[in-house]
Amino acid sequence: MAIETACDEAMRVLIAAPTRRDLDVTMQLLRKAGVESIPLEREPAAMLQQLRTEVGAVLLADASLDVRRMDALLAGLHGQPAWSDVPVVMLTRDRERSPSAARMVAALTNLTLLDLPVSTASMVSAVLAALRARRRQYDIRDQLVAQREAEQALREADRRKDEFIATLAHELRNPLAPIRTGLQALARLPASEQAQAVRVRQMMERQLRLLVKLIDDLLDVSRISAGKLRLERERVDMRGVIKAALESSGPVLDAGSHELHVDLPGSPVWVLGDPTRLSQIVGNLLTNAAKYTAAGSSIRVVLGAEGSDAVVRVVDNGVGIPPEMLERVFDLFSQVDNTLDRAQGGVGIGLSLVRQLVGLHGGSVVAESPGLGKGSTFTVRIPTIGSDPAKSSSTLAPSAAAAGMRRLRVLVVDDNADAADTLVMLLGASGHEMRTAYNGVAALRMAHEFRPDVVLCDIGLPRVDGYTVAARLRSDPQFASTMLISVSGWGTDEVQRRARDAGFDFHLVKPVDLDSVNRILERL
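These figures come from a predicted structure and were not determined experimentally.

K.L.:
Sorry, what's going on with the overall build of the chain here?
P.N.:
Across its full length, the chain holds 16 helices and 17 strands. Looking at the 524 residues of the chain, the share that counts as buried comes to 46%. A separation threshold of at least 6 residues defines the contact pool for the chain, and within that pool the share at least 24 residues apart is 70%. Within the structure as shown, the chain displays about 26800 Å² of accessible surface, and the carbon and sulfur contribution to it stands at 53%.

K.L.:
Any chance you could explain helix 9 (residues 275-291) here in plain terms?
P.N.:
In an α-helix, one full turn covers 3.6 residues, which means residues spaced three or four apart are oriented alike. The end-to-end C-alpha distance of helix 9 is 24 Å, a good match for the 24 Å that 17 residues give at a rise of 1.5 Å each. Among the 17 residues that make up helix 9, 14 are buried, leaving the element largely enclosed by the rest of the structure. For helix 9, the N-terminal cap is D274; the gap from its side-chain oxygen to the backbone nitrogen of T276 is 3.0 Å.

K.L.:
Explanation requested: the confidence of the model for the chain in the structure shown.
P.N.:
Atomic detail in the predicted coordinates should be set aside for any region of low pLDDT. Within the chain, residue pLDDT values average 83, and 83% of them lie at 70 or more. Predicted confidence for residues 388-403 stays below pLDDT 50, and this span has 22 contacts to residues more than four positions away or in other chains.

K.L.:
So what exactly am I meant to see when it comes to helix 2 (residues 44-52) here?
P.N.:
Listed in full, the buried residues belonging to helix 2 are P44, M47, Q50 and L51. For helix 2, the buried positions fall inside an angular range of 120 degrees around the axis, keeping them on one side. Of the exposed residues in helix 2, those oriented more than 90 degrees away from the buried face are A45 and R52. Buried-residue contacts for helix 2 involve strand 1 (13-16), strand 2 (37-39), strand 3 (57-61) and helix 3 (67-78).

K.L.:
Just checking my understanding: could you explain the environment of L246 for this structure?
P.N.:
Take L246: it is sitting in helix 7 (residues 238-248). Classification of L246 as buried rests on a relative accessible area of 18%. Beyond its immediate stretch of four places on either side in the chain, L246 contacts L260, V262 and L286.

K.L.:
Explain the packing of helix 3 against helix 4 (residues 99-107) to me, please; I cannot follow it from the model alone.
P.N.:
The description of two packed helices rests on the angle between their axes and on the distance between the axes. Where helix 3 meets helix 4, the closest approach of the two axes is 12 Å, and the angle between their N-to-C directions is 15 degrees. Regarding the angle of helix 3 to helix 4, the classification is roughly parallel. Helix 4 is crossed by helix 3, and the crossing has right-handed handedness. Of the residues in helix 4, those in contact with V67, M70, D71, L73, L74 and H78 of helix 3 are S100, R103, M104 and A107.

Rules used in this analysis
- Residues numbered from 1 in each chain as written.
- Predicted model: local features only at pLDDT ≥ 70, side-chain atom pairs only at ≥ 80, totals over all residues.
- Heavy atoms only, no water.
- Helix = DSSP H or I, 4+ residues; strand = E, 2+ residues; numbered from the N terminus.
- Buried < 20%, exposed > 50% of the residue type's maximum accessible area, 1.4 Å probe, protein only.
- Contact = heavy atoms within 4.5 Å.
- Areas by Shrake-Rupley, 256 points an atom, 1.4 Å probe, with all protein chains shown as cover.
- Expected span 1.5 Å × (residues − 1).
- Polar contact = N/O pair within 3.5 Å; in protein donor to acceptor, adjacent residues only side chain to side chain.
- pLDDT = per-residue confidence, 0-100.
- Arc of directions from axis to C-beta.
- Axes fitted to C-alpha atoms, helices over the stretch in contact; angles between N-to-C directions.
- Parallel < 35°, antiparallel > 145°, perpendicular 65-115°, else oblique.
- Left-handed = near helix turned anticlockwise from the far one by under 90°.

Structure, rendered in structure tokens:
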């Protein structure tokens, strides 16, 4: 009986036989059992090198090794990592009188002795048993590696948490100090110093706004993580979003005396979104640029339409971003330079909030930089909608029909109401007939009432998960031709395999790209 993994190099058997004929016959017998084998190197140095690679087991006869080769073999076996104990199967004619056998018994802990003559079945069975034991060792190795990686991730998370707490305390003390000083000053000012009292109060109000924004950002991150942040969507001209963001970021930009360049198109760029949150996205990017750009340096904001996206670019000539940080800058509590003497303010939540808010709008954000000291560019893409501002989102011209796409009945299932409602609005604007369900039970009920052509279903649903929804729909003949599209924040091979097994036709990773959905729908 062969084992499934015996064909890979990690499970190869090294063979030492007295003669070339013995070696060839043994290798042929193992090959018939599905076991790959190669000769054990004769030279000690080559043998040591061979044993440093992944080895399944060693099969040898006591007459096949002289003292020099035996020394090299034992040195190689003893030099294995802590998790490794290479199985050795030894054939001997007289285990009581064989010096080689006696030495092996004294030196090794994973040794099987077979007395010659031995049947082919017994030898092959011993080798297969050794390989099964070796596979368990590899499993333990993999578990140890995974454990070390998990421990490293926990240490990194703990380190970032400690840095966050220290930075948060620093950021909270910054505005609290002038507020306390201001209160003390107001208590000591005579009634005649009204003008000075006004300036003190204005200063305190500015610092209080900083505190409120910091706390609001923290709460927003918490709400998004819990799926409780709701967007108030409406038709929005992104030019107004840029102007609102510039106004809210004005104090930060003015404080650094930055040279600001704003490039807006002459015609509206319409999106379906929450104007406050969209302004928050651009404002956070402007604040980030101001923090990491030297006083008096240049910051540029560019708005345009590219394909089906509204595109906002915030470009600066500041400190730049090293290549290894281009993705990590969007991680919560992450900063390019987090040393206290270089910190420019902030606790590392602004860019993380940008990415999450952009995702809720069905868009994307990327960071680009030639390197440290060479500035950076942040590009935000949000799907656009029709260009006629007089029409509401529910009466947009059906672009799908205009493009020749068939009008479909589409059911969107997601327990994140914001994500579901956004997708329904966007696909509904393309002329499709839409329905929404926010859990698996409602999805099954709605499917029987609505008879959809397409179901876009989240995997992680409450009560009844997406896999179960798909399996139940596929078991019903009336949904045999319904296209099922799974949606998940996970894109691993395992998730996609489970989705296929459940009956899904396609798998999309959140945030869902509208173009990807349309390309799938065009197949119907």
